[in-house]
Amino acid sequence: MKYIVVINNKGGVGKTTSAVNIAAWLAKFGPRVLLVDLDPSASASIHLGFDKKENKHRTICDFLIAQNRSLADYIYPAKMENLFVLPSEPALSEFYEEIQQEEDTEFFLDRRSFPNKYDIILFDSPPNMGTLALNALAIADYALVPVQTQYLAMSGLEVTNRTIAKAQRHLNPRLKILGYFGTHYDRRTNVAKEVYRLIQKQMGKKVFDTVIGVNSKLIEAYNAQEPILKYAPSARGSKEYRALSEEILKRIKL
Ligand SMILES: Nc1ncnc2c1ncn2[C@@H]1O[C@H](COP(=O)(O)OP(=O)(O)OP(=O)(O)O)[C@@H](O)[C@H]1O
Ligand SMILES: [Mg+2]
């Protein structure tokens, strides 16, 4: 099993859109993929049809409340073969703070808590480097970093890189950077090209060849609560996430 956390300190860069659509494409290629939503905003869960306002499903918050050791009871099949989801909900943020105060550890995820039947476990994380993100960094094999190809992208990236480096030193020496990829790439603007060049210059070979362009079908797919490969398989956004997922599979060598 390979554990990958999609992470960037900055909000709105495309973490959730990427986590869901990469998970879906990876599952389509054959591996069994579990998407774990660690963001209390629960947008990855909603993207896959698990909106706590509409359904009675259990979430990672219920797992914490039950102090259960196994996550198996909180995992659901998504509407696609080989794709599974461990949903989140807004209550996670308050409840998580309570737990931290009551117990002397802020870490609640353990690799042994995950049923041994997935090939890839992909985490979506919140837009901050708080302890929920650290929980994923503490057990992950890889960090996967989406970078919005707009000005100020690099400043958010510094915080993200520093946190990953700290996690490598103090929490998880196994953690590696799987790579960086550009998102929201607007081919018509020079800004996007310049920022992308800057990312390549600073991160070198760690930058994936595939760049995710601006594509409104990705927003529509979110609203339809479906991965892009189901909602609009031939859309540019779908093809780009497919290409990126192929590159990811090559790098993780399952
Ligand atoms: N390639 C794209 N083209 C057009 N819109 C996109 C693209 N990627 C993401 N979006 C839209 O941009 C917004 C932010 O994307 P997303 O939620 O994936 O970012 P995020 O990093 O997870 O945000 P947060 O930090 O709030 O969790 C969403 O409305 C999403 O639908
Ligand atoms: Mg998100």
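See the structure above.
Structural notes, computed from the coordinates. (Residues numbered from 1 in each chain as written. Chains lettered and ligands numbered in written order. Predicted model: local features only at pLDDT ≥ 70, side-chain atom pairs only at ≥ 80, totals over all residues. Heavy atoms only, no water.)

### Description of the packing of helix α4 (residues 91-102) against helix α5 (residues 131-139)
Here's step 1: Axis separation between α4 and α5 bottoms out at 11 Å; the angle between their running directions is 75°. Here α5 runs roughly perpendicular to α4, going by the angle between their axes. On α5, the residues that touch L92, Y96 and Q100 of α4 are T131, L132 and N135.
Here's step 2: When the residues that make up the contact of α4 with α5 are grouped by side-chain class, the tally is three nonpolar, three polar and no charged. (Axes fitted to C-alpha atoms, helices over the stretch in contact; angles between N-to-C directions. Helix = DSSP H or I, 4+ residues; strand = E, 2+ residues; numbered from the N terminus. Parallel < 35°, antiparallel > 145°, perpendicular 65-115°, else oblique. Contact = heavy atoms within 4.5 Å. Nonpolar A, V, L, I, M, F, W, Y, C, P; charged D, E, K, R; others polar.)

### A short note on the site of ligand 1
Here's step 1: In the vicinity of ligand 1 lie 16 residues, with K15, T16, T17, G213 and N215 positioned nearest.
Here's step 2: Here G14 contributes a backbone N or O atom positioned 3.0 Å from an oxygen atom of ligand 1.
Here's step 3: When the free accessible area of ligand 1 is taken as 630 Å², the share hidden by the protein chains comes to 78%.
Here's step 4: Among the secondary structure elements, those contributing two or more residues to the shell around ligand 1 are α1 (15-29) and α8 (216-223). (Near = heavy atom within 4 Å. Polar contact = N/O pair within 3.5 Å; in protein donor to acceptor, adjacent residues only side chain to side chain. Areas by Shrake-Rupley, 256 points an atom, 1.4 Å probe, with all protein chains shown as cover.)

### Focus on the sheet that holds strand β3 (residues 76-77)
Here's step 1: The sheet built from seven strands is open, its strands ordered β3-β4-β2-β5-β1-β6-β7 with mixed pairing. Since the sheet does not close on itself, it has two edges, and those belong to β3 and β7 (176-183), each with one partner.
Here's step 2: Across four bridges, strand β2 (residues 33-37) lies against strand β4 (residues 83-86) in parallel orientation. Residue pairing across strands places V33 opposite L83, the latter belonging to β4.
Here's step 3: Packed on one face of the sheet, α5 meets β1 (2-6), β5 (120-124) and β6 (142-148) and runs near 150° to β1. (Pairing = 2+ DSSP bridges.)

### Here we look at the packing of α1 against helix α10 (residues 236-252)
Here's step 1: Contact geometry for α1 and α10: axes closest at 9 Å, N-to-C directions at 70°. Between α1 and α10, the angle falls in the class roughly perpendicular. As α1 runs across α10, the sense of the crossing is right-handed. For the pair α1 and α10, the contacting residues are T17, S18, N21, I22, W25, L26 and F29 in the first and S238, Y241, R242, L244, S245, E246, I248 and L249 in the second.
Here's step 2: Of the residues in the contact of α1 with α10, the class split is eight nonpolar, five polar and two charged. (Left-handed = near helix turned anticlockwise from the far one by under 90°.)

### Some thoughts on the nonpolar core
Here's step 1: Judged by nonpolar contacts, the single largest core of 52 residues is most densely connected at I7, L34, V36, F108, F114, F123 and L137.
Here's step 2: Sorting elements by how many residues they give to this core places α5 first, with six residues.
Here's step 3: If we skip the residues at most four places from it in the chain, F108 touches L38, I60, F63, L64, Y96, L132 and N135. (Core = buried A, V, L, I, M, F, W, Y, C linked by side-chain atoms within 4.5 Å. Buried < 20%, exposed > 50% of the residue type's maximum accessible area, 1.4 Å probe, protein only.)

### Remarks on the environment of K79
Here's step 1: Relative to the assigned elements, K79 resides in the loop between β3 and β4.
Here's step 2: C-alpha of K79 to C-alpha of G49: the two residues are 30 residues apart in sequence and 8.4 Å apart in space.
Here's step 3: Setting aside residues up to four positions removed in sequence, K79 forms contacts with L48, Q225 and K230.

### A word on the pattern of salt bridges
Here's step 1: Per the stated rule, a full pass over the model turns up nine salt bridges.
Here's step 2: A salt bridge links K52 to D62, with the shortest nitrogen-to-oxygen separation between them at 3.9 Å. Taken as a pair, K52 in the loop between α2 (43-47) and α3 (60-66) and D62 in helix α3 lie far apart in primary sequence, ten residues in all.
Here's step 3: In this structure K52 comes out as partly exposed when scored by relative accessible area, which is 29%.
Here's step 4: Residue classification places D62 among the partly exposed positions, given a relative accessible area of 22%.
Here's step 5: Among the ionic pairs, E240 bridges to R236, the shortest N-O distance being 3.4 Å. Taken together, the residues E240 and R236, both in helix α10 and four residues apart, mark about one turn of the helix. (Salt bridge = Lys/Arg side-chain N within 4 Å of Asp/Glu carboxyl O.)

### Some points on the pairing of β5
Here's step 1: Of all five residues in β5, five are buried; the element is thus mostly enclosed.
Here's step 2: The alternating pattern of β5 places I120, L122 and D124 on one face and I121 and F123 on the opposite face, and all of these are buried.
Here's step 3: Pairing analysis gives five bridges linking β1 to β5, with the strands arranged parallel. Bridge assignment links V6 to a residue of β5, and that residue is D124.
Here's step 4: In the sheet, β2 pairs with β5 via five bridges, with the strands oriented parallel. Its bridge partner lying in β5, V33 is registered against I120.

By themselves, these are just geometric observations and shouldn't be taken as functional.
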